[in-house]
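# Tertiary structure, described
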2 protein chains.
Amino acid sequence: MAGRKVLIVYAHQEPNSFNGSLKTVAVEELSKQGCSVTVSDLYAMQFEPRATRNDIVGCLHNSDNFSYAVEATEAYKRGCLSNDLIEEQKKVQEADLLIFQFPLYWFSMPAIMKGWMDRVLVQGFAHDFPMCYDTGLLKVYMSDLFCFLILEQVSYHGIMHFCGVKVLEPHICFAPEHVSEEKRKEMLIAWAQRLKTLWKEEPINCSAEWYFK
Amino acid sequence: MAGRKVLIVYAHQEPNSFNGSLKTVAVEELSKQGCSVTVSDLYAMQFEPRATRNDIVGCLHNSDNFSYAVEATEAYKRGCLSNDLIEEQKKVQEADLLIFQFPLYWFSMPAIMKGWMDRVLVQGFAHDFPMCYDTGLLKVYMSDLFCFLILEQVSYHGIMHFCGVKVLEPHICFAPEHVSEEKRKEMLIAWAQRLKTLWKEEPINCSAEWYFK
């Protein structure tokens, strides 16, 4: 959709990988639609996944008993989070669509992506999310490769849902390293195809009844 | 149990935290039993959570298209993983009991702990785990604080189960920052109490039927 802003949070070490191709396909297709696309290439940025006191600039609220949740909340209010976090949060706030793209490591996102979640979506900022949501634009879309344990993903969808974000169905490419070159090309085409009509998709239900049984 | 080796993989920034106290209590109780206790204090060690080519010493198997899984497997076979990984793997191999201790960040372990899982339990090494298991000694015990989303934990238990490790029931202290000092002391005592008879516990079932429905 022309004029829309997209943020792709991307975690793969190798541009020549299948993940790299999926990312390129998304940038091309969305740009063709007139979207402005930003990629946070976490490995290339050497994004810091560890949540430490370095994330707070200046004095701590309570330096005798460091609590990351408390300190991050206070620092967010005062505008004292570290620059790398502020930059990522700005990208999130401006985005109409977020795409998380990563291979699965132990049924879950790689640590570098989990670190993005832990640090960028800190308390304070995360609680402000519903305001973005109210503008009716922010959406999340998670692209999970090699995924066979869907349960796990439901809980990550839960994070975004909790933040007040609409979540679209995940797009999963199963074991691309074990299929033919032709099949991989089909996967890339299917991804580009889905992106053409992504804006019309309905969000999935992240609070299914069985989830709380 | 006298003579047994315990590895506590611990992820909290603050020694004065409730997490810090739980760790101290475990070291004291297990040492009293005659165990030899090792703590991998991930934040203090500044443990690297990012899985990159720095984890492979020397030439890569395929430097044109870097695949972490492939490279780590090859490097493990040749003994060419980076030193920090080899040291952690040695601790795991020697341990009769593993304890993972962390606060929950977004319903899951902090990125620094996920990075330990991603990098230490790499393919190759992880697939050798059943050998440890066959000695009949290796056990895993996960201590998840602030946990209210048990589903998520099941999938982490799945990692260890997949590696051939017996998993004990998690020990959960709910929202220690929101209870009284007295209640927190009771939580510490309950943890020490459990550790007294931990060796007699039966593993939990990590492949429950409903999990694969």
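- By the naming in an unreviewed UniProt entry, chain A is N-ribosyldihydronicotinamide:quinone dehydrogenase 2, taken from Coturnix japonica.
- Turning to chain A, the UniProt record has this under Sequence similarities (unreviewed entry): "Belongs to the NAD(P)H dehydrogenase (quinone) family."

### Notes on the pattern of salt bridges
- The full count for this structure, using the stated rule, is 24 salt bridges over all chains.
- Its salt-bridge partner being A:Arg119, residue A:Asp84 comes within 3.0 Å of it at the nearest N-O pair. Of this pair, A:Asp84 sits in helix α3 (residues 83-94) while A:Arg119 sits in helix α4 (residues 111-120), and the two are 35 residues apart along the sequence.
- Overall, A:Arg119 belongs to the buried group, its relative accessible area being 1%.
- Its salt-bridge partner being B:Lys114, residue B:Asp118 comes within 2.7 Å of it at the nearest N-O pair. A residue pair is termed a helical-turn pair when its members lie 3 or 4 positions apart in one helix, as B:Asp118 and B:Lys114 do in helix α4 (residues 111-120) at four residues. Side by side, B:Asp118 and B:Lys114 carry an identical accessibility label, which is buried.
- Several salt bridges share partner residues, and in doing so they unite A:Glu29, A:Lys32 and A:Lys196 into one network.

### Topic: the environment of B:Glu201
- Turning to its location among the elements, B:Glu201 is positioned in the segment after α7 (181-196).
- Among the polar contacts made by the side chain of B:Glu201, one reaches the side chain of B:Arg194 at a distance of 2.6 Å.

### Observations regarding the pairing of strand β3 (residues 97-103) of chain A
All names here are of chain A.
- Of all seven residues in β3, seven are buried; the element is thus mostly enclosed.
- Along β3, one buried face is formed by Leu97, Ile99, Gln101 and Pro103 and the opposite face, lined by Leu98, Phe100 and Phe102, is buried too.
- The sheet contact formed by strand β1 (residues 5-10) and β3 spans five bridges and is parallel. If you follow Leu7 over to β3, its bridge partner there is Leu98.

### Looking at the packing of aromatic side chains
- The full count for this structure, using the stated rule, is four aromatic pairs over all chains.
- Here the aromatic rings of A:Phe100 and A:Trp116 are separated by 5.4 Å at their centres, their planes lie at 70°, and the arrangement is edge-to-face. Highlighted residues: A:Phe100 in strand β3 and A:Trp116 in helix α4, separated in sequence by 16 residues. For the pair formed by A:Phe100 and A:Trp116, the shared burial category is buried.
- Ring geometry for B:Phe66 and B:Tyr68: centres 6.4 Å apart, planes at 65°, overall edge-to-face.
- On the accessibility criterion, B:Phe66 (1% relative accessible area) is buried.
- By relative accessible area, B:Tyr68 is classed as buried at 6%.
- One residue, A:Lys23, lies across the ring of A:Tyr10, its end atom 4.9 Å from the ring centre.

Parameters at a glance
Sequence order as written defines the numbering, with residues in each chain counted from 1. Here chains are named by letter from A upward and ligands by number from 1 upward, in the order in which they appear as written. Reporting in this predicted model follows two pLDDT cut-offs: at least 70 for local features of residues, and 80 or more for side-chain atom pairs to be given and counted; totals over whole chains, interfaces and linings ignore these cut-offs and use all residues. Processing note: side-chain calculations cover all non-hydrogen atoms of the structure and skip hydrogens and water entirely. UniProt positions are given in the numbering used here, feature names are shortened, and annotations may be inferred rather than shown by experiment. Throughout this description, the term salt bridge denotes a Lys or Arg side-chain nitrogen within 4 Å of a carboxyl oxygen of Asp or Glu. The numbering of helices and of strands both runs from the N terminus, where a helix is a DSSP run of H or I of at least 4 residues and a strand a run of E of at least 2. Only protein chains enter the calculation, and the probe is 1.4 Å; a residue is then buried if its accessible area is under 20% of its type maximum, exposed if over 50%, and partly exposed in between. N or O atoms closer than or at 3.5 Å make up a polar contact, with two conditions inside protein: a donor-capable atom paired with an acceptor-capable one, and, for residues adjacent in sequence, both atoms drawn from side chains. Pairing between two strands is assigned when DSSP locates at least 2 bridges connecting them. Only rings of Phe, Tyr and Trp enter the pairing, Trp through its six-membered ring, and a pair is recorded when the two centres are within 6.5 Å. The plane angle decides the type: under 30 degrees is stacked, over 60 is edge-to-face, the rest tilted. By definition here, charges over rings are those cases where NZ of Lys or CZ of Arg is within 6 Å of the ring centre and within 35 degrees of the ring normal.

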